[in-house]
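# Topology and contacts: notes
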Amino acid sequence: VEDGQQAIEAVSVLHRELLIIDLGIGSIDALTATSLLLHQFPSLVVLLLADRDTPRLRTICQNSGARYFIPKARFVEDLPRILVEIKNSLGSPTQS
């Protein structure tokens, strides 16, 4: 998808459990899309990507409700570990 509105529509139609979204997307930004989606789909796992990594940006992402944040420079290194964490949390018997 190319912007936050398309992400919202895709999750609404496809009923996915995970959304990986870039902070640099278009008309509806990723943080707004994240907040709107989590309001509608509280169990959705959101992973935000960003060009930079600062403590302030991490706090903003966390406050949006995103569970994960990856700077693009670390995407290849961090994504496999995070996907395992997500898989384990979705498959755990304590979650419905």
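All of the points below concern the structure found in this document. Since this is a predicted model, take the numbers as computed values, not measurements.

### Quick notes on the overall build of the chain
- Within the chain one finds four helices and three strands.
- Listed N to C, the secondary structure of the chain is α-β-α-β-α-β-α in terms of helices and strands.
- Going through the 96 residues of the chain one by one, you find that 36% of them count as buried.
- As presented, the chain carries roughly 6100 Å² of accessible surface, and 54% of it is formed by carbon and sulfur atoms.

### Points about the pattern of salt bridges
- For the structure shown, the criterion picks out five salt bridges.
- The closest approach of N and O atoms between Lys72 and Asp51, which form a salt bridge, is 3.1 Å. Highlighted residues: Lys72 in the loop between strand S3 (68-71) and helix H4 (75-91) and Asp51 in the loop between strand S2 (45-50) and helix H3 (55-64), separated in sequence by 21 residues.
- Ionic pairing is found between Arg58 and Asp53, a salt bridge with its closest N-O pair at 2.7 Å.
- Looking at Arg58, the relative accessible area reads 37%, which means it is partly exposed.

### A short note on the packing of helix H2 (residues 30-40) against H3
- Packing of H2 against H3 leaves a shortest axis separation of 9 Å and a crossing angle of 25°. Taken together, the axis directions place H2 and H3 in an arrangement best described as roughly parallel. Between H2 and H3, the contacting residues are Leu31, Thr34, Ser35 and Leu38 on the first element and Ile60, Cys61 and Ser64 on the second.

### Some thoughts on the packing of helix H1 (residues 4-14) against H2
- Their axes nearest at 9 Å, the elements H1 and H2 cross at an angle of 20°. By the angle class used here, H1 and H2 are roughly parallel. At the point where H1 passes H2, the crossing takes the right-handed sense. Across from Gly4, Ala7, Ile8, Val11 and Ser12 in H1, the residues of H2 making contact are Ala33, Leu36, Leu37 and Gln40.

### A word on the side chain of Asp78
- By the element assignment, Asp78 lies in helix H4.
- A distance of 2.7 Å separates polar atoms of two side chains, one belonging to Asp78 and the other to Arg74.

Calculation rules
Residues numbered from 1 in each chain as written. Predicted model: local features only at pLDDT ≥ 70, side-chain atom pairs only at ≥ 80, totals over all residues. Heavy atoms only, no water. Helix = DSSP H or I, 4+ residues; strand = E, 2+ residues; numbered from the N terminus. Buried < 20%, exposed > 50% of the residue type's maximum accessible area, 1.4 Å probe, protein only. Areas by Shrake-Rupley, 256 points an atom, 1.4 Å probe, with all protein chains shown as cover. Salt bridge = Lys/Arg side-chain N within 4 Å of Asp/Glu carboxyl O. Axes fitted to C-alpha atoms, helices over the stretch in contact; angles between N-to-C directions. Parallel < 35°, antiparallel > 145°, perpendicular 65-115°, else oblique. Contact = heavy atoms within 4.5 Å. Left-handed = near helix turned anticlockwise from the far one by under 90°. Polar contact = N/O pair within 3.5 Å; in protein donor to acceptor, adjacent residues only side chain to side chain.

So far we have only geometry, and geometry alone does not tell us how the molecule works.
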